[in-house]
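Understanding the architecture of this molecule
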Amino acid sequence: MWTPGVSALSFLALATSALCQPIGLSPYTNPILPGWHSDPSCAYVEEDDTIFCVTSTFIAFPGLPIYATKDLQNWKQVSNVFNRPSQIPSLSNTTNQQGGIYAPTLRYHDGTFYLIVSFLGPEIKGLVFTSSDPYSDAAWSEPLEFSVRGIDPDIFWDDDGTVYVTSADDARIQHYSLDLQTGETGPVTYLWNGTGGASPEGPHLYRKDDFYYLMIAEGGTELNHAETMVRSKNRTGPWELCPHNPILTNRNTTQYFQTVGHADLFQDGTGNWWAVALSTRSGPEWKNYPMGRETVLAPATWEEGEWPVVQPVRGQMQGPLPRENKDGIKGDGSFVNEPDHVTFAPGDSIPSHFLYWRYPETSNFAVSPQDHPNTLRLTPSLYNITGNASSTPEEGITLLTRRQTDTLFTYSVDIAFDPQVPDEEAGVTLFLTQLQHVDLGLVLLESQNGTSSPAFQLRTEGHGNYEGSLPGRIVSVPEGWRGESIRFQIQAVSDTQYEFSVASVKTPAQRAVVGYADSRIVSGDTGRFTGEFASFFLSFFLFIVYLGSDGLT
């Protein structure tokens, strides 16, 4: 079970139109999509009176989640654009932890949704997914592939119907036509390289009041991140510089929300303008942000013939929110910020907001197998969640994750596991990447005298932004607990510290703390573009050194 503050995420595991009536300025809280939700892009659909947004997922699967809202307050995940291996087969052997698919653009045109994105795996290619039903995974197409120029493609329809892609490559913004039937691209025009900030990227092209407006991110994705804009009467320039650039940033401030950028602009059903952007809840120190880059919302105004004005991002904001309409959102998915209590009942499937790292071996995850209802049976993977030089990603790891969405939470998993093979292990992990995670597992360890015994093992891979001693401990399993189901628990006891504990399911009140980990371990470094997951795993760990044990009382 997972809820904010005093919540818990428990599993039983074996191994009318609300947008039409605004109600003045109303308060709301950022982030609107908490946890790792970077590079947001949104589109309003008048026929459905609904706003749809997508965010990046890199090498996590399923990917490119679509969120829907009618009131900008309640957000439901309604589908995953990338939901089957046939759409991007080579994700299975994408080794770069920051590779895969990111910085998508979502647009709606003539009754069809278009999702354009670059894929950075063994090869780099542009992808366009389409759908006429955003509430269905199956309705999202196999992608049209095209020769993309770099990263962060935007899709745009000009007045004559010609489709153009605007993307970032070679430190400048590039622009070219795209045939949506064949994938053929036209000649490249170089549009702009920004105002002098590093890494001009994340372009979006808008048509408004006889102007073409080009908005980009620049300054890098760290503390200097910002949004800047130019406009022209012609699609390819020459460009007029916005006099109040950057139009959105929190750089050079002491605000809690930092790295604000990679934004998109959209209108709601009443004509009000809004900006969505990524941000980290890190403060200017930019050291402690285990949830990674999240999606924030800021009100904007964009008068006729003028430049957009976007309010600076804060945690508590006010804007012309539509009337609340949670029940009007279609789809069977989960609302963000709602607690999870998953029992894996017969006939259920794994929740769509749970994620794997690359493609799973689906046979390793069985919901309510015969004679074991209300369980998730896990089959161990050959390779552990860290991997090593000899591992091959396409074979998959038995790892199932859930985004950390709250600063304070309790996550617990009931695991029935009796290891018979040395170094076979099951447990829970704070997972950022395969090179950066903190694990608590039940493992059969072999001592120097050749005997084996079960133990709880707390271990750390990577160090992130943390500079202290890394946590690690091995504790013997009490005799009375052996062969019994164990409740593994991770609790965020503060905004900087996680507590790892275990208990027998028969006597859950007799919980024993194994150790603590600093949240900066799972902040930045190899996962600076993503965010942390609480998850459980089952695997053969290939290289384990037995260090002795403390014992639990």
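For the record of the chain, the UniProt heading Sequence similarities (unreviewed entry) holds the text "Belongs to the glycosyl hydrolase 43 family."

**Examining unusual backbone geometry**
Across the chain, the bulk of peptide bonds are trans and the bulk of non-glycine residues have phi less than zero. Following Gly237, the chain continues to Pro238 via a peptide bond in cis, the omega torsion being 10°. The backbone of His262 sits at a positive phi, close to 45°, despite the residue not being glycine. Structurally, the position occupied by His262 is in strand 21 (residues 257–267). Among the residues examined, His262 registers a relative accessible area of 6% and is labelled buried. Backbone geometry at Arg358 places phi at a positive 65°, although glycine is not the residue there. By the element assignment, Arg358 lies in the loop between strand 26 (356–357) and strand 27 (365–367). Since its relative accessible area comes to 5%, Arg358 is described here as buried.

**Description of empty space enclosed by the protein**
To find leftover empty space, one rolls a probe the size of a water molecule over the atoms. Approximately 150 Å³ is the volume attributed to the largest cavity. Along the wall of the largest cavity there are 14 residues; nearest its centre are Phe335, Val336, His353, Arg402 and Thr405. Looking at the lining of the largest cavity residue by residue, the classes come out as four nonpolar, six polar and four charged. Each pocket or cavity is described by its volume, and for the second largest cavity that value is around 30 Å³.

**As for the environment of Cys53**
Its location among the elements puts Cys53 in strand 4 (residues 50–54). Residue class for Cys53 comes out buried when judged on its relative accessible area of 1%. Between the C-alpha atom of Cys53 and that of Ile32, which follows or precedes it by 21 residues, the distance is 11 Å. Setting aside residues no more than four positions away along its own chain, Cys53 makes contact with Ser41, Cys42, Pro65, Ile66, Tyr67, Trp75 and Leu106.

**Considering the pairing of strand 8 (residues 100–109)**
Counting buried positions over the ten residues of strand 8 gives eight, a clear majority of the element. Pairing between strand 8 and strand 9 (residues 112–120): eight bridges, direction antiparallel. Of the residues in strand 9, the one forming a bridge with Gly100 is Leu120. The hairpin formed by strand 8 and strand 9 contains two residues between the paired strands, and Asp110 there has a positive phi angle of roughly 50°.

**Section: the environment of Gly35**
Inspection of the secondary structure assignment puts Gly35 in the loop between strand 2 (26–29) and strand 3 (41–45). C-alpha of Gly35 to C-alpha of Trp307: the two residues are 272 residues apart in sequence and 31 Å apart in space.

**Focus: the nonpolar core**
Of all hydrophobic cores here, the largest spans 47 residues; its most connected members are Leu64, Ile88, Leu115 and Phe129. In terms of residues, this core owes the most to one element, strand 9, which gives five residues. With sequence-adjacent residues up to four places away left out, Leu64 is seen in contact with Val54, Thr55, Thr57, Ser79, Asn80, Val81, Phe82, Ile101, Pro104, Leu115, Val117 and Phe129. Counting residues in each nonpolar core, the second largest holds 38 residues, with Leu72, Leu248, Phe266 and Leu321 among its members.

**Focus on the sheet that holds strand 9**
The strand order across the open sheet built from four strands is 8-9-10-11, with neighbouring strands paired in antiparallel fashion. Edge strands, defined here as strands with exactly one partner in the open sheet, are strand 8 and strand 11 (144–146). Geometrically, the sheet is characterised by an average inter-axis angle of 20° between neighbouring strands, direction not taken into account.

**Remarks on the layout of surface pockets**
Of the voids in this model, the largest pocket is the one considered here, and its volume is about 630 Å³. Considering the residues around the largest pocket, the lining is formed by 19 residues, among which Arg107, Tyr108, Tyr206, Arg207 and Leu265 are closest to the centre. Mapped onto the lining of the largest pocket, the elements with two or more residues apiece are strand 3, strand 8, strand 12 (151–157), strand 16 (201–208) and strand 21. Taken together, the residues of the lining of the largest pocket break down into 13 nonpolar, two polar and four charged. In this model, the second largest pocket occupies a volume close to 370 Å³. Contributing to the lining of the second largest pocket are 23 residues, with Asp332, Ser349, Ile350, Pro351 and Ser352 lying nearest its centre. A class-by-class count of the residues in the lining of the second largest pocket yields seven nonpolar, twelve polar and four charged.

**Re the pattern of salt bridges**
In this structure the tally under the stated criterion is 21 salt bridges. The residue Asp159 makes a salt bridge to Arg207 at a minimum N-O spacing of 2.9 Å. Taken as a pair, Asp159 in the loop between strand 12 and strand 13 (163–169) and Arg207 in strand 16 lie far apart in primary sequence, 48 residues in all. On the basis of relative accessible area, Asp159 is assigned to the exposed category, the value being 59%. Owing to a relative accessible area of 32%, Arg207 belongs among the partly exposed residues under this scheme. Ionic pairing is found between Asp170 and Arg172, a salt bridge with its closest N-O pair at 3.3 Å. By relative accessible area, which is 29% here, Arg172 ends up partly exposed. Shared partners join several salt bridges into a network, and the residues in it are Arg107, Asp154 and Asp264.

**A closer look at the state of the cysteines**
Scanning the entire structure with this criterion turns up one disulfide. Each sulfur of the disulfide joining Cys42 and Cys53 lies 2.0 Å from the other. One disulfide, between Cys42 and Cys53, carries an S-S torsion of 110° and so falls in the right-handed class. Separated by eleven residues along the polypeptide, Cys42 in strand 3 and Cys53 in strand 4 bring together distant segments of the chain. Both residues of the pair, Cys42 and Cys53, count as buried.

Calculation rules
- Sequence order as written defines the numbering, with residues in each chain counted from 1.
- Given that this is a predicted model, residues contribute local features only at a pLDDT of at least 70 and side-chain atom pairs are listed and counted only at 80 or more, while totals for whole chains, interfaces and linings are drawn from all residues.
- Values shown for side chains rest on all heavy atoms present in the structure; no hydrogens or waters enter the calculation.
- UniProt positions are given in the numbering used here, feature names are shortened, and annotations may be inferred rather than shown by experiment.
- Each helix is a run of DSSP H or I of at least 4 residues and each strand a run of E of at least 2, with the numbering of both proceeding from the N terminus.
- Under the scheme applied here, a residue whose accessible area is under 20% of the maximum for its type counts as buried, over 50% as exposed, and between as partly exposed, the area being computed with a 1.4 Å probe on protein chains only.
- Only protein atoms enter the 1 Å grid, on which a cavity is a set of points fitting a 1.4 Å probe that cannot get out and a pocket is an open set with protein on both sides within 12 Å along at least 5 of 7 lines, lining residues being those with an atom within 4 Å of a point.
- Grid points are joined across faces, edges and corners, and a volume is the space filled by probe spheres set on the points.
- By the convention adopted, Pro, Cys, Tyr, Trp, Phe, Met, Ile, Leu, Val and Ala count as nonpolar, Lys, Arg, Asp and Glu as charged, and the other residues, Gly among them, as polar.
- The contact rule is simple, with two residues in contact once any of their heavy atoms fall within 4.5 Å.
- Should DSSP find at least two bridges between two strands, the strands are taken to pair.
- Here the nonpolar core consists of buried residues drawn from Ala, Val, Leu, Ile, Met, Phe, Trp, Tyr and Cys, with membership extended through side-chain atoms lying within 4.5 Å.
- Here the axes come from fitting lines to C-alpha atoms, over the contacting stretch only for helices, and the angles between their N-to-C directions go from 0 to 180 degrees.
- Each salt bridge in this description consists of a side-chain nitrogen of Lys or Arg and a carboxyl oxygen of Asp or Glu lying within 4 Å of one another.
- Disulfides are defined as cysteine sulfur pairs within 2.5 Å.

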